[in-house]
Amino acid sequence: MLLQVSGLAKSYTVADKIVPVLQGLDLTLGAGETLALTGESGSGKSTLLHLVGGLDVADAGSILLDGQEVTALDDRGRAALRRTTVGVIFQQFNLIPSLNVSANVSFQARLAGTLDQTHVDRLTVALGLDTHLQKYPEQLSGGQQQRVAIARTLAAQPRLVLADEPTGNLDEDTAGEVLEQMLALVSQTGAALMMVTHSTSLAARLGRRAHLSHGRLE
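Note that the structure is a prediction, hence the values are computed from the model and not measured.

K.L.:
An account of the overall build of the chain is needed here, citing residue identities and associated values.
P.N.:
Within the chain, the regular secondary structure consists of seven helices and 10 strands. For 218 residues, the compact-globule formula gives about 17 Å, and the C-alpha radius of gyration of the chain, at 17 Å, lands near that figure. Considering only C-alpha atoms, the chain reaches an extent of 50 × 35 × 35 Å along its principal axes. The buried share among the 218 residues of the chain stands at 48%. Within the chain, contacts between residues at least 6 apart in sequence are counted, and of these 72% link residues at least 24 apart. Approximately 10,100 Å² of the chain is accessible, and the part contributed by carbon and sulfur atoms is 47%.

K.L.:
Could you give me a rundown of the pairing of strand β6 (residues 86-89), with the residues and numbers involved?
P.N.:
Burial of β6 is two-sided: the residues Val86 and Val88 facing one way and the residues Gly87 and Ile89 facing the other way are all buried. Judged from the four bridges that link them, β6 and strand β7 (residues 160-164) form a sheet pairing that is parallel. Within β7, the residue paired with Val86 across the bridge is Leu160.

K.L.:
Pulling in residues and values, what's your account of a nonpolar patch on the surface?
P.N.:
A surface patch of nonpolar side chains, amounting to about 230 Å² of accessible area, comprises Tyr12, Val14 and Val19. Note on Tyr12: relative accessible area 30%, which makes it partly exposed.

K.L.:
How would you summarise the pattern of salt bridges if you had to cite specific residues and measurements?
P.N.:
A complete count under the given rule lists seven salt bridges for this structure. Residue Asp75 pairs with Arg78 through a salt bridge whose shortest N-O separation is 2.2 Å. Residue Asp75 and its partner Arg78 are located together in helix α2 (residues 75-84), separated by three residues, close to a single helical turn. Classification of Asp75 by relative accessible area gives exposed; the value is 56%. For Arg78, a relative accessible area of 12% gives the class buried. Connected through shared salt-bridge partners, Lys10, Asp56 and Asp59 make up one network.

K.L.:
I'd like to hear about the sheet that holds strand β1 (residues 3-14), residue by residue, with values.
P.N.:
A sheet is described by the order of its strands in space; here four strands give the open sequence β2-β1-β4-β5, paired in antiparallel fashion. Taken across any chain shown, the strands that pair with only one partner, and hence form the sheet edges, are β2 (17-29) and β5 (68-69). The pairing of β1 with strand β4 (residues 60-65) spans five bridges and is antiparallel. Within β4, the position partnered with Ser6 by the bridge is Ser62. Contacts between helix α1 (residues 45-52) and the sheet are confined to β1, β2 and β4, with β1 contributing the most and set at about 120 degrees to the helix.

K.L.:
Please give an account of α2 that cites residues and values.
P.N.:
Among all positions of α2, only Gly77, Arg78 and Leu81 are buried. With its buried residues spanning 100 degrees around the axis, α2 presents them on a single face. Of the exposed residues in α2, those oriented more than 90 degrees away from the buried face are Asp75 and Arg76. Those residues of α2 that are buried lie in contact with α1, β4, β5 and β6.

K.L.:
Could you give an account of helix α5 (residues 142-155), with specific residues and numbers?
P.N.:
Counted at 1.5 Å a residue, the expected span for α5 with its 14 residues is 20 Å, and the 20 Å between its end C-alpha atoms agrees. Most of α5 is tucked away, with 12 of its 14 residues classed as buried. Taken residue by residue, α5 has Gly143, Gln145, Gln146, Arg147, Val148, Ala149, Ile150, Ala151, Arg152, Thr153, Leu154 and Ala155 as its buried positions. On its buried face, α5 sits against β6, α3 (101-112), α4 (117-126), β7 and α6 (172-189). Gln157 lies just past α5 and shows a positive phi near 55 degrees.

Conventions adopted
Residues numbered from 1 in each chain as written. Predicted model: local features only at pLDDT ≥ 70, side-chain atom pairs only at ≥ 80, totals over all residues. Heavy atoms only, no water. Helix = DSSP H or I, 4+ residues; strand = E, 2+ residues; numbered from the N terminus. Rg over C-alpha atoms; globule rule 2.2 N^0.38 Å. Buried < 20%, exposed > 50% of the residue type's maximum accessible area, 1.4 Å probe, protein only. Contact = heavy atoms within 4.5 Å. Areas by Shrake-Rupley, 256 points an atom, 1.4 Å probe, with all protein chains shown as cover. Pairing = 2+ DSSP bridges. Patch = residues over 30% accessible without salt bridge, like charges linked within 9 Å, V, L, I, M, F, W, Y side chains within 5 Å. Salt bridge = Lys/Arg side-chain N within 4 Å of Asp/Glu carboxyl O. Axes fitted to C-alpha atoms, helices over the stretch in contact; angles between N-to-C directions. Arc of directions from axis to C-beta. Expected span 1.5 Å × (residues − 1).

Set out below in structure tokens:
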């Protein structure tokens, strides 16, 4: 198993009240698998992704990722995990405005020390970005910007891709097209994908689906 989550718990304090979000959650994900996470707003989908990706710290439980216990890592260790093992794609594209498409795509791989220009070239061609490499984010459509964000994540060759509503800012047709391209590329790299989505039609395109309710998966 690439990912094994056991007894995961997380609460937040809101207006001096403790609000439980995840309550003893268990989850497994194998290399190459794709999983859609669905559930009502506030059910903890994004929290789960943030904990697995080392963007937040669990209150209790275990997250074993590629043989590494994520909950035991300090800030530096979690940052290294995101450089080398986990790639995160957000609903907001989070591109660097001062860098062109080529530099944005290569940015994360350069940080990780895993830049493979041949791999990057294949990604940009597959995502239809090869004719836009010298453009800047402000010169691109929303769909093109999300493709850059996907290429940037996959260029670093992560073992696990976490996607939080990656097509939420796109129209339905563009969202479907971008998702299909992302799934094809993830499959080619052998990475696993866990994606949060509110769309039942998009969720149906992934290999597995899990519904989050009251802090646990159904």
